[in-house]
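A structural walkthrough
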Amino acid sequence: MIIYSIRRLLLLLVTLFFLSLVSFSLSYYTPNAPLSGASLTDAYFFYAHNMVHFDFGISSINGEPIKAQLVEALPATMELCTLAFLFALIVGIPAGIIAGVWRNKSADIIISNFALLGFSVPVFGLALLLTLFFSLKLGWLPVSGRIDLLYNLKPITGIALVDAWLSDSPYRQQMIINVLQHLILPIITLAIAPTTEVIRLMRNSTEEIMSENYVKAAATRGLSRFTIIRRHILHNALPPIIPKLGLQFSTMLTLTMVTEIVFNWPGLGRWLVTAIRQQDYSAISAGVMLVGSMVIIVNVLSDIVGAMSNPMKHKVGYAFR
């Protein structure tokens, strides 16, 4: 287990190095690049030194430090992605277990068809449909933004829901409700694709566990389906899919760009798309490095957590090497 973790961490460092080369090239080879005047070696070491200190330079569009813009945009994106990921787990894991336990039955067919439908609908199309129906037609939910402008929400952590909870305003309860109303449509839009994949992974894993002899023996002893799910299926079917859940979180980081544009969400995705439109190569370089680093770190951590939850698999693997 320790050797496996060290190998994954070394792979993380190597991958981050190659990612830094990609990010550096945007600051060196592009038109009017800020580092193009120096030699290649000096420019890279200067870039790496600043990157370690989280200094990404100055935006060529508005003249503001890129670090300050990231500090403002990143919490909004992480709030949206984290809540959407939790939604995908809360809905996807039980639905996948139900589909796997009652495979080829009515419950399995309904869940699988809904999962296929959700996976095939484009994110931007789903976002527009939800906005048209729940916001414009029914008027139940707001169209865009994080909170109504009439509330003076002071930024403390950058996460709107936490800031509303920590607020000392007399309208604190109304602000929390308003923030939640603004979160509903973006979370559902962003969570649909990962939820369908979690359902698929959990269904396949549950189906494999259901074919094991100890589950069949438990059924012959007269244990109820709920008891079998609680004692045998849940903690045996979940560990194999943990490493694959990191890929779903990574997918959400890319889908959030479209979601933030549609719902006018002031996060990292919208900020990066704006930088691409305006050809702000310093901001693009910082965004590529930040988003890529988050994707790599989440995937490596999910692999390590998956190995910790199922250590025998890796012990057997090393025994035959």
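Everything numeric in this text was worked out from a predicted model, so none of it was measured.

Description of the overall build of the protein chain
- Across its full length, the protein chain holds 13 helices and zero strands.
- Scanning the protein chain from its N terminus toward the C terminus, one meets helices and strands in the order α-α-α-α-α-α-α-α-α-α-α-α-α.
- Sorting the 321 residues of the protein chain into buried and exposed places 45% on the buried side.
- Put simply, of all contacts in the protein chain between residues at least 6 apart along the chain, 71% involve residues at least 24 apart.
- By element, 68% of the accessible surface of the protein chain is carried by carbon and sulfur atoms, the whole surface being about 17700 Å².

Some remarks on the nonpolar core
- Of all hydrophobic cores here, the largest spans 68 residues; its most connected members are Ile 66, Leu 70, Leu 190, Ile 233 and Trp 271.
- Residues contacting Ile 66, with those up to four places away along its chain left out, are Phe 56, Gly 57, Ile 58, Ser 59, Trp 271, Ser 282, Ala 283 and Ala 286.
- Core analysis: the next-biggest nonpolar cluster, separate from the first, contains six residues, Leu 126, Leu 141, Leu 185 and Phe 263 among them.

Concerning the UniProt feature "transmembrane region" (unreviewed entry) in the protein chain
- Listed under "transmembrane region" (unreviewed entry) in the UniProt record, and renumbered for this structure, are residues 83-102, 114-136, 175-193 and 283-305.
- With 91% helix and 0% strand, the stretch residues 114-136 has end C-alpha atoms that lie 25 Å from each other.
- Between the C-alpha atoms that bound residues 283-305 the distance is 33 Å, and the span itself is 100% helix and 0% strand.

Structural notes on the pattern of salt bridges
- By the definition in use, this model includes four salt bridges.
- Close ionic contact of Glu 79 with Arg 146 constitutes a salt bridge, the shortest N to O distance being 2.6 Å. Note that Glu 79 is positioned in helix α3 (residues 66-101) and Arg 146 in the loop between α5 (123-137) and α6 (160-166), a separation of 67 residues in sequence.
- On the basis of relative accessibility, which here comes to 4%, the residue Glu 79 falls in the buried class.
- Two residues, Arg 203 and Asp 108, come together in a salt bridge whose shortest N-O distance is 2.8 Å.

Brief notes about the layout of surface pockets
- Approximately 410 Å³ is the volume attributed to the largest pocket.
- Residue lining of the largest pocket: 17 residues in total, with Arg 146, Leu 153, Pro 155, Gly 158 and Pro 266 positioned closest to the centre.
- Put simply, the parts of the chain that give the lining of the largest pocket at least two residues each are α3 and α6.
- If you tally residues by element for the lining of the largest pocket, the top one is α3, at three residues.
- For the lining of the largest pocket, the per-class residue count stands at 10 nonpolar, two polar and five charged.

Remarks on the UniProt feature "domain: ABC transmembrane type-1" (unreviewed entry) in the protein chain
- UniProt records the feature "domain: ABC transmembrane type-1" (unreviewed entry) at residues 74-302, using the numbering of this structure.
- Helix makes up 78% of residues 74-302 and strand 0%. Its end C-alpha atoms lie 21 Å apart.

Concerning empty space enclosed by the protein
- The full count for this structure, using the stated rule, is one cavity of 30 Å³ or more.
- If you add up the space inside the largest cavity, you get close to 40 Å³.
- Around the largest cavity, the lining residues are Thr 77, Leu 253, Thr 256, Met 257, Leu 268, Gly 269, Leu 272 and Val 291.
- When residues of the lining of the largest cavity are traced back to their parent elements, those giving at least two are α10 (242-262) and α11 (268-277).
- Here the residues of the lining of the largest cavity are counted per class, giving five nonpolar, three polar and no charged.

Examining the packing of aromatic side chains
- Counted under the stated rule, the structure contains eight aromatic pairs.
- Where Phe 17 meets Tyr 44, the ring centres are 6.3 Å apart and the plane angle is 85°; that geometry is what we call edge-to-face. Residue Phe 17 is located in helix α1 (residues 2-28), and its partner Tyr 44 is located in helix α2 (residues 40-52); the two are separated by 27 residues in the primary sequence.
- Taking 5.0 Å as the distance between ring centres and 90° as the angle between the ring planes, the aromatic pair formed by Phe 133 and Phe 134 counts as edge-to-face.
- In this structure Phe 133 comes out as partly exposed when scored by relative accessible area, which is 40%.
- Joined through ring pairs, the aromatic side chains of Phe 17, Phe 18, Phe 24, Tyr 44, Phe 45 and Tyr 47 make up one cluster.

About the criteria used
- Residues numbered from 1 in each chain as written.
- Predicted model: local features only at pLDDT ≥ 70, side-chain atom pairs only at ≥ 80, totals over all residues.
- Heavy atoms only, no water.
- Helix = DSSP H or I, 4+ residues; strand = E, 2+ residues; numbered from the N terminus.
- Buried < 20%, exposed > 50% of the residue type's maximum accessible area, 1.4 Å probe, protein only.
- Contact = heavy atoms within 4.5 Å.
- Areas by Shrake-Rupley, 256 points an atom, 1.4 Å probe, with all protein chains shown as cover.
- Core = buried A, V, L, I, M, F, W, Y, C linked by side-chain atoms within 4.5 Å.
- UniProt positions renumbered as here; feature names shortened; annotations may be inferred.
- Salt bridge = Lys/Arg side-chain N within 4 Å of Asp/Glu carboxyl O.
- 1 Å grid on protein atoms, 1.4 Å probe; cavity = no way out; pocket = protein on both sides within 12 Å on 5 of 7 lines; lining within 4 Å.
- Points joined across faces, edges and corners; volume = space filled by probe spheres on them.
- Nonpolar A, V, L, I, M, F, W, Y, C, P; charged D, E, K, R; others polar.
- Phe/Tyr/Trp six-rings, centres within 6.5 Å; stacked < 30°, edge-to-face > 60°.

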